[in-house]
Amino acid sequence: MKNKVWPKKILSAIAIIVGGFVLWNLAFVLAAAVSFCWRAMLGIPNDQIAASGWRYIFLALVLIISWFVLRAKRVNTLIKATYFTMPLMVILILEGIQLYAYSNWLAFIIGAIIDLAVLFYLYKKKSPWQYYFATIFTGATALIVMLAGIDI
């Protein structure tokens, strides 16, 4: 009976990976839209203040949406864990952008602290394995983005 569980877990992990990539792309489209609207509202096309201000609005918007999705009673664990990758990646990427001028080590250390804090919270809350997988997958992907020097 135990052998029948593994294919379901593997399919769940694949769903989190694929769904995560889709949600990350949607998040970047949302980030571009917020940035465009912010710059249009200010009427300043490429000012440094305008460039950084939209990030806080974007982060707040993502966190508000996430609060509703992750608190929804009718949404199953797999969908919530898949969605969980999106706000976590947004936080890690915005942290990386904020620390871009500094050493990669600083961004790595703070990103690791964020990821470990999330894992500790999940452990204390006794969350299902899908959330752990989503957190580790997201953190590893953010690390690969940083090590590969991919600019976002």
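See the structure above.
Note that this is a predicted model, so its numbers are computed, not measured.

Scoring rules and cut-offs
- Residues numbered from 1 in each chain as written.
- Predicted model: local features only at pLDDT ≥ 70, side-chain atom pairs only at ≥ 80, totals over all residues.
- Heavy atoms only, no water.
- Helix = DSSP H or I, 4+ residues; strand = E, 2+ residues; numbered from the N terminus.
- Contact = heavy atoms within 4.5 Å.
- Axes fitted to C-alpha atoms, helices over the stretch in contact; angles between N-to-C directions.
- Parallel < 35°, antiparallel > 145°, perpendicular 65-115°, else oblique.
- Nonpolar A, V, L, I, M, F, W, Y, C, P; charged D, E, K, R; others polar.
- Phe/Tyr/Trp six-rings, centres within 6.5 Å; stacked < 30°, edge-to-face > 60°.
- Buried < 20%, exposed > 50% of the residue type's maximum accessible area, 1.4 Å probe, protein only.

A.B. asks: Please give an account of the side chain of D115 that cites residues and values.
C.D. replies: Note on placement: D115 falls in helix α4 (residues 104-125). Excluding residues that lie within four positions of it along the chain, D115 makes contacts with L88, L92, T135, I136 and G139.

A.B. asks: How would you explain the packing of α4 against helix α5 (residues 129-148) if you had to name every residue and give the values?
C.D. replies: One can describe the packing of α4 onto α5 by two numbers: an axis separation of 10 Å at closest approach and a directional angle of 175°. In terms of orientation, α4 lies roughly antiparallel with respect to α5. Here N104, A107, F108, D115, V118, L119, L122 and Y123 of α4 come into contact with α5, specifically with Y131, Y132, T135, I136, G139, L143 and M146. Residue composition of the contact of α4 with α5, grouped by class: 11 nonpolar, three polar and one charged.

A.B. asks: Can you lay out the packing of aromatic side chains for me, pointing to particular residues and giving the numbers?
C.D. replies: Enumeration over the complete set of coordinates arrives at nine aromatic pairs. Between F21 and W24, the aromatic rings sit 4.9 Å apart at their centres with planes inclined by 70°, giving edge-to-face as the arrangement. Here the residue F21 and the residue W24 both occupy positions in helix α1 (residues 5-42), the gap between them amounting to three residues, near one helical turn. With relative accessibility at 40%, the residue F21 sits in the partly exposed group. What makes W24 buried here is its relative accessible area of 5%. Among the aromatic residues, those joined into a cluster by ring pairs are F21, W24, W129, F133 and F137.

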